[in-house]
Number of protein chains: 2
Amino acid sequence: MRRLGLGVDLGGTNARAAVVDGGTGEIVAAHKEPLRDRTPEHVVAHVRHAVEEAAAAADCAVAECGRAGVGVAGQCLGSTGIVLNAPNLGWRDVPLGKMLEAALGLPVAVANDLSVAAWGEKKFGAARGIEDVVLVFVGSGVGSGLILGGRLHQGAQGVAGEFGHVKVRPTRPATAPRRCGCGEWGCLEAYTSGANVAARVREELAAGAQTILPELTGGDPARVNATVVDEAFARGDGYATELWGEVGELLGTQVANLVTVLNPARLILGGGVLLGCPNLAALTLRRFEEAVSRSALKGFSVERAWLGDDAGVVGAAVLE
Amino acid sequence: MRRLGLGVDLGGTNARAAVVDGGTGEIVAAHKEPLRDRTPEHVVAHVRHAVEEAAAAADCAVAECGRAGVGVAGQCLGSTGIVLNAPNLGWRDVPLGKMLEAALGLPVAVANDLSVAAWGEKKFGAARGIEDVVLVFVGSGVGSGLILGGRLHQGAQGVAGEFGHVKVRPTRPATAPRRCGCGEWGCLEAYTSGANVAARVREELAAGAQTILPELTGGDPARVNATVVDEAFARGDGYATELWGEVGELLGTQVANLVTVLNPARLILGGGVLLGCPNLAALTLRRFEEAVSRSALKGFSVERAWLGDDAGVVGAAVLE
């Protein structure tokens, strides 16, 4: 008999629910629901509806799944199900776990989306059979998920893996040009995430930066993103070369430091920026290889994430 | 009945062996043996002698202890007992575990000295009863020991915790002024350890640095060390103030990044430089507080190491 699990991927714009075969990681049925209202009560109603639709499509009752897991793009207190800070939802200190348990009538586990993705890769993807794995995502945000000793490491309060918020620049407001979405200054994410790179390029274009980017985007600032910068880099654009040099150096050094300290057997790279910008990925890996401690490279390998957009629901469905 | 364990602390100049009460962490008897010859065969003979003396003083047979643990100041492949790189001993790829098992007639576990110290603090010291703990030592070298989910995290190959070798400066030889003892460039240890700080100050004194340090050391470069720099700082010396500003910034930022990523409930600080230089410790903690992610500070505390020089033998005796 199939053992079914319920997984929910809660981002800033959609909630996606899936009924997942807990033995194979296969998605039996899924439903995506736009978040028309981001207040916690409305989001819970959206999630409930997505779950019910997914269960109906899978031809099973919600209760049959026994429990549900939710991955949230934000900082979560793993043990209590409280979402501490989810900038994309505008949430602070929301007791999401308890609210969803009441709405679904099931026990609900809540974790950061990248912890969930790492666990999905461990169970069914690029980390299968490996005990020590670091997953780094660079997309609209920057973060990591840590599998250490075969277990998901969430830390004392559940906020481990906040790799996007390691400090790489001065942190006093007066000395740091870019503020991070978390409210602090000097964070890696503020200098390397897709959203922050695009914002910076727009500012620098407005200030008169010399580059072919306006040509590549038809002069529309809204079309500036990391992929276009990667294309400008490929065409030898000086501005893009300098920017990618800085971003690749920051990402490569910080990933190297994570690997030096944790000694994983595998590094998994994912997220739209790293997977969608081959030139930035190459610069990042080159810098990584320069900066990582030699001793951490024995038996070490790098892989791309396997599960793609499904990592969230699949990992959430099998959270322990 | 007492459950006795054998612990060995293998540094660059001495091997210290102790018979330890595995229930209380109390040292029943210990013996320290200078390493007159650092070739692996001689070191094994020194360790064997130290173990035999400690056992005799504890009035027990070596075999009664059942097993032994060894903490080595170097990078170790935990699972195999191989010491990859121990600069103070001049060792590379030494199969210490197997050599000691043959010499002692007991199973022997080998681990990095700071992993061992962290485990000792977990069992009997400042980390008792805490599941997620980061221990950072700044002494003649810089390193860390990680207790994650209640277990000693040694990583895929046993070299986790190499915090002294995260990169904080450019790593290409042409661009980095200081080479680390590990052979690489740009490592935290190269800029912050006691040995490296002393070497740098001597170089800068020889190059004519203006400071009261010659006065405090009677003009003897051999007496330059971190403690004296801390004293010069306390007296308002400009050179010491600038140097401590840089070292405190580097240490505080990197410790903050470790805590941000791992979310421990406790940070334990130890080592001669951090414990012997109150001004540097204060600068480091001030920078740590600025740089650490707010979310990692819930339920978080900082403690000094409790076990001091005994952490090595005590932790080694109870390695699992």
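Residues numbered from 1 in each chain as written. Chains lettered and ligands numbered in written order. Predicted model: local features only at pLDDT ≥ 70, side-chain atom pairs only at ≥ 80, totals over all residues. Heavy atoms only, no water.

(A) Here's a closer look at the overall build of chain A. Within chain A, the regular secondary structure consists of 11 helices and 13 strands. For a compact globule of 320 residues, the expected C-alpha radius of gyration is about 20 Å, and chain A comes in at 20 Å, within 12% of that figure. Overall size of chain A, expressed as C-alpha extent along the three principal axes, is 60 × 45 × 35 Å. The buried share among the 320 residues of chain A stands at 59%. (Helix = DSSP H or I, 4+ residues; strand = E, 2+ residues; numbered from the N terminus. Rg over C-alpha atoms; globule rule 2.2 N^0.38 Å. Buried < 20%, exposed > 50% of the residue type's maximum accessible area, 1.4 Å probe, protein only.)

(B) The arrangement of the sheet that holds strand E11 (residues 151-152) of chain A in detail. Residue and element names in this part refer to chain A. Strands sit in the order E11-E10-E9-E12-E13 across an open sheet of five strands; the sheet is mixed. Since the sheet does not close on itself, it has two edges, and those belong to E11 and strand E13 (301-304), each with one partner. The pairing of strand E9 (residues 133-138) with strand E12 (residues 266-270) spans five bridges and is classified as parallel. When the bridges of E12 are listed, phenylalanine 137 appears paired with glycine 270. The strands touched by helix H8 (residues 238-262) are E9, strand E10 (142-148) and E12; relative to E9, the strand with the most contacts, the crossing angle is about 165°. (Pairing = 2+ DSSP bridges. Contact = heavy atoms within 4.5 Å. Axes fitted to C-alpha atoms, helices over the stretch in contact; angles between N-to-C directions.)

(C) Representation of H8(A) in the model. Residue and element names in this part refer to chain A. Counted at 1.5 Å a residue, the expected span for H8 with its 25 residues is 36 Å, and the 36 Å between its end C-alpha atoms agrees. The element H8 is extensively covered by neighbouring structure, given that 19 of its 25 residues are classed as buried. After H8 finishes, the residue asparagine 263 shows a positive phi value of roughly 50°. (Expected span 1.5 Å × (residues − 1).)

(D) How the structure looks around the pattern of salt bridges. Going through the model one piece at a time under the given rule, you end up with 35 salt bridges over all chains. For the salt bridge of Arg287(A) with Glu290(A), the shortest nitrogen-to-oxygen distance reads 3.1 Å. Pair noted here: Arg287(A) and Glu290(A) are both in helix H10 (residues 278-291), with a separation of three residues, about one helical turn. We note a salt bridge from Lys298(A) to Asp93(B), for which the minimum N-O separation is 3.9 Å. One end of the pair, Lys298(A), is in the loop between H10 and E13; the other, Asp93(B), is in strand E7 (residues 91-94), on a second chain. The class of Lys298(A) is partly exposed, set by a relative accessible area of 38%. Through salt bridges with shared partners, one network takes in Arg169(A), Arg200(A), Glu204(A) and Glu246(A). (Salt bridge = Lys/Arg side-chain N within 4 Å of Asp/Glu carboxyl O.)

(E) Main features of the packing of helix H7 (residues 226-234) of chain B against helix H8 (residues 238-262) of chain B. Residues and elements named next belong to chain B. Axis separation between H7 and H8 bottoms out at 8 Å; the angle between their running directions is 115°. Crossing of H7 over H8 shows left-handed handedness. In this structure, H7 uses Ala226, Val229, Asp230, Ala232 and Phe233 to contact H8, whose residues at the interface are Ala240, Thr241, Leu243 and Trp244. Here the contact of H7 with H8 is composed, by residue class, of seven nonpolar, one polar and one charged. (Left-handed = near helix turned anticlockwise from the far one by under 90°. Nonpolar A, V, L, I, M, F, W, Y, C, P; charged D, E, K, R; others polar.)

(F) Representation of the packing of aromatic side chains in the model. Evaluated as defined, the whole model comprises two aromatic pairs over all chains. Sitting above the plane of the Tyr191(A) ring, Arg169(A) keeps its charged end 5.4 Å from the centroid. (Phe/Tyr/Trp six-rings, centres within 6.5 Å; stacked < 30°, edge-to-face > 60°. Lys NZ or Arg CZ within 6 Å of the ring centre and 35° of its normal.)

(G) Local environment of the nonpolar core. Judged by nonpolar contacts, the single largest core of 102 residues is most densely connected at Val136(A), Trp244(A), Leu262(A), Val136(B), Trp244(B) and Leu262(B). Beyond its immediate sequence surroundings of up to four residues, Trp244(A) is in contact with Val197(A), Ala226(A), Val229(A), Asp230(A), Phe233(A), Cys277(A), Asn279(A), Leu280(A) and Leu283(A). (Core = buried A, V, L, I, M, F, W, Y, C linked by side-chain atoms within 4.5 Å.)

(H) Representation of the pairing of E12(A) in the model. Residues and elements named next belong to chain A. Among the five residues in E12, five count as buried, and that is most of the element. Burial of the side chains of E12 extends over both faces: Arg266, Ile268 and Gly270 are buried on one face and Leu267 and Leu269 on the other. For E12 and E13, the ladder comprises four bridges, and the chain directions are parallel. The residue of E13 that forms the bridge with arginine 266 is serine 301.

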